[in-house]
Amino acid sequence: MNNLWTATADPPRHRDPLDHDLDVDVVIVGGGYTGLWTAYYLRRANPNATIAVIDQAHVGFGASGRNGGWCSAIFPVGPRKLAQMHGHEQATALRLAMQDAVDEVGAVAAAEGMQIDFAKGGCVTLARNPAQLARARADIESARGYGIGEQDLRLLSRDEARSITGAEGVLGGIYTPHCAALHPGRLVRQLSERVERAGVAIYEQTAARSIAPGLVATEHGRIRAQVVVRATEGYTARLPGWRRSLLPIYSLMIATEPLPDAAWEEIGLRGRETFTDHRHLRIYGQRTADGRLAFGGRGAPYHFGSAIRPAFDADARIHAGLESLLAELFPVVAGHAITHAWGGPLAIARDWHPSVGLDRTTGIAWAGGYVGDGVATANLAGQTLSDLILGRRSDLTALPWVNHRSRRWEPEPLRWLGVNGGLQLVATADREEARSGKPARSARTLARLLGY
Ligand SMILES: Cc1cc2nc3c(=O)[nH]c(=O)nc-3n(C[C@H](O)[C@H](O)[C@H](O)COP(=O)(O)OP(=O)(O)OC[C@H]3O[C@@H](n4cnc5c(N)ncnc54)[C@H](O)[C@@H]3O)c2cc1C
């Protein structure tokens, strides 16, 4: 079984590897959303800029071709922590910029004639036990304290939640309009074509062996550039000099066959609202434009030494767990085939704080550490990197995630022990809460450990 988005996107364009030395203004390492949006906005702002994008495999090989297709305004650092770190005004500016980025993705897709199945139906976070319901209420109360009003986030009664989706065991939930469902594979492939048409050179099967000021070394050629952009997200730990900067964590997904109308009568999600619940270990789903449920979750173990291997894209235990959880949420799905199962690495900085930036002394720029919320965030990063590289001060370059530096992850074996221990704690907390309905003690411990 393979990746739904690869199987249902337009046929891929195969591009040649780099086989010579190159001189450009900007070289971008990584052909995912971050790299491609950066190339898109840079070239639009300066049509004379010479830009090359390289990818070790192909465009959309990474998380950008594998994700849940939530184009959401979620920033992995919550409003309380953001306000503590950067002040209320800055935190609000970032929240609004994220909301704008959701619309920007849809607007560019429409303007560029990209068919990416974009539907802005919002997101519903269900509460399915009393502990989750208490967390939903607390989230709303806390949000109000940070100026987040009813129009941006609202509490749903049981009946309101059930009018959006007929998921089992729903006690209530919260709803935000700031999320769209889209087809990730179509977005990444079509964006790459628009970028190429605008005059950007894309080289596939071209791995950067090292990134240094003004120079990217690849197997068959050296690329000299004034600015080098690192857009390598979950694969960053493989690069010399960045081994402990971002932690790769696998998220896994499944998808059903297209479901009949009768099933959709029960499931709902008529506006293609994305859905999750209030558990600690994130699950996420969407109703696809061709009538499937695409559903994913975290929980796969962290691999020693930040290893990444094709074999880790599939984990029979996690995929089976997702299948039974989906059937628990929507019993009507149980009789239908799971046609696709896949996964891939996302990236987490030590303080869970994404960042975008340009070091003017070295000419090295970067963006990433989006945790599992990079679809809209990478668009914001691309717009911001364009401004930074062109030396333009803007509202975007003043946002508090710009040039944010996270400390490095611990060396092994501490990293492996800490991360997998944390994952166990979170999974146990969810099980405890499902059983007892009471907020789990271990969850509170974890929240303290993570600093939230
Ligand atoms: C299963 C899954 C589900 C997710 N669901 C969602 C979701 O629903 N919503 C959301 O907002 N986010 C989601 N995410 C996260 C989101 O997909 C990512 O944050 C986002 O795609 C990151 O884009 P990127 O371009 O920075 O990285 P990537 O898409 O990972 O791209 C990095 C690229 O760099 C290339 N590369 C790496 N190293 C080198 C090198 N040395 N030389 C050359 N090329 C290199 C890789 O081949 C890759 O193509 C999910 C992630 C996963 C894995």
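See the structure above.
The shown structure was predicted, so the numbers you read here are calculated from the model rather than taken from an experiment. (Residues numbered from 1 in each chain as written. Predicted model: local features only at pLDDT ≥ 70, side-chain atom pairs only at ≥ 80, totals over all residues. Heavy atoms only, no water.)

**Some thoughts on the site of the ligand**
- The full set close to the ligand counts 34 residues, and Thr34, Asp55, Ser64, Ala208 and Gly372 are the nearest of them.
- At 3.1 Å from an oxygen atom of the ligand is found a main-chain nitrogen or oxygen belonging to Ala63.
- For the ligand, whose accessible area on its own is 1000 Å², the fraction buried by protein is 98%.
- A per-class count over the shell around the ligand returns 14 nonpolar, 16 polar and four charged. (Near = heavy atom within 4 Å. Polar contact = N/O pair within 3.5 Å; in protein donor to acceptor, adjacent residues only side chain to side chain. Areas by Shrake-Rupley, 256 points an atom, 1.4 Å probe, with all protein chains shown as cover. Nonpolar A, V, L, I, M, F, W, Y, C, P; charged D, E, K, R; others polar.)

**Regarding unusual backbone geometry**
- Cis rather than trans, the peptide bond between Glu412 and Pro413 has omega equal to 5 degrees.
- At Asp117, a position not held by glycine, the phi torsion is positive, near 55 degrees.
- Residue placement: Asp117 occurs in the loop between helix H4 (88-111) and strand S4 (123-127).
- In the Ramachandran plot, Leu269 falls in the positive-phi region, its phi being about 55 degrees despite a non-glycine side chain.
- Examined against the element boundaries, Leu269 turns out to sit in the loop between helix H8 (261-267) and strand S13 (274-277). (Helix = DSSP H or I, 4+ residues; strand = E, 2+ residues; numbered from the N terminus.)

**What about the pattern of salt bridges?**
- Here the structure, examined in full by the defined rule, presents 18 salt bridges.
- When the shortest N-O distance is used, the salt bridge between Glu196 and Arg15 registers 3.0 Å. Separated by 181 residues along the polypeptide, Glu196 in helix H7 (residues 184-197) and Arg15 in the loop between helix H1 (4-8) and strand S1 (22-29) bring together distant segments of the chain. Just as Glu196 is buried, Arg15 falls in that class too.
- Residues Asp290 and Arg292 are paired through a salt bridge, measuring 3.0 Å at the closest nitrogen-oxygen approach.
- By relative accessible area, Asp290 is classed as partly exposed at 38%.
- One salt-bridge network, in which partners are shared between bridges, spans Arg13, Arg15, Glu196 and Glu204. (Salt bridge = Lys/Arg side-chain N within 4 Å of Asp/Glu carboxyl O. Buried < 20%, exposed > 50% of the residue type's maximum accessible area, 1.4 Å probe, protein only.)

**Section: helix H11 (residues 414-436)**
- For H11, which comprises 23 residues, the first-to-last C-alpha distance of 32 Å matches the rise-based estimate of 33 Å (1.5 Å per residue) to within 8%.
- Three or more residues of H11 are buried, namely Arg415, Val419, Asn420, Gly422, Leu423, Val426, Ala427, Ala429, Asp430 and Glu433.
- Looking at the residues trailing H11, positive phi occurs at Gly437, about 80 degrees. (Expected span 1.5 Å × (residues − 1).)

**Description of the side chain of Arg292**
- Inspection of the secondary structure assignment puts Arg292 in the loop between strand S14 (283-287) and strand S15 (293-297).
- The exposure class of Arg292 is buried, given its relative accessible area of 10%.
- Here the side chain of Arg292 touches Thr256 through a polar contact of 3.1 Å, landing on its backbone oxygen.
- Excluding residues within four positions of it along the chain, Arg292 makes contact with Leu4, Thr8, Thr256, Glu257, Pro258, Trp264, Gln286, Arg287, Thr339 and His340. (Contact = heavy atoms within 4.5 Å.)

**Some details on helix H5 (residues 130-145)**
- The end-to-end C-alpha separation of H5 is 23 Å, in line with the 22 Å expected for 16 residues at 1.5 Å each.
- Turning to H5, its buried residues are Ala131, Gln132, Leu133, Arg135, Ala136, Ile140 and Ala143.
- Looking at the buried positions of H5, the neighbouring elements they touch are S4, strand S5 (154-156), strand S6 (172-176), S13 and H11.
- Taking the backbone nitrogen of Ala131 as reference, a side-chain oxygen 3.0 Å away marks Asn129 as the first, capping residue of H5.
- Two residues or fewer past H5, Gly147 is found with a positive phi of approximately 75 degrees.

**Some remarks on the nonpolar core**
- Within the largest apolar cluster, 58 residues are counted, with the highest numbers of intra-cluster contacts made by Trp37, Leu380 and Trp401.
- With nine residues, the top contributor of residues to this core is H4.
- The contact partners of Leu380, leaving out residues within four places of it in the chain, are Leu94, Ala97, Met98, Ala101, Leu396, Leu399 and Trp401.
- One finds Leu156, Val170, Tyr175 and Ala300 within the second-largest nonpolar core, a separate group that totals 34 residues. (Core = buried A, V, L, I, M, F, W, Y, C linked by side-chain atoms within 4.5 Å.)

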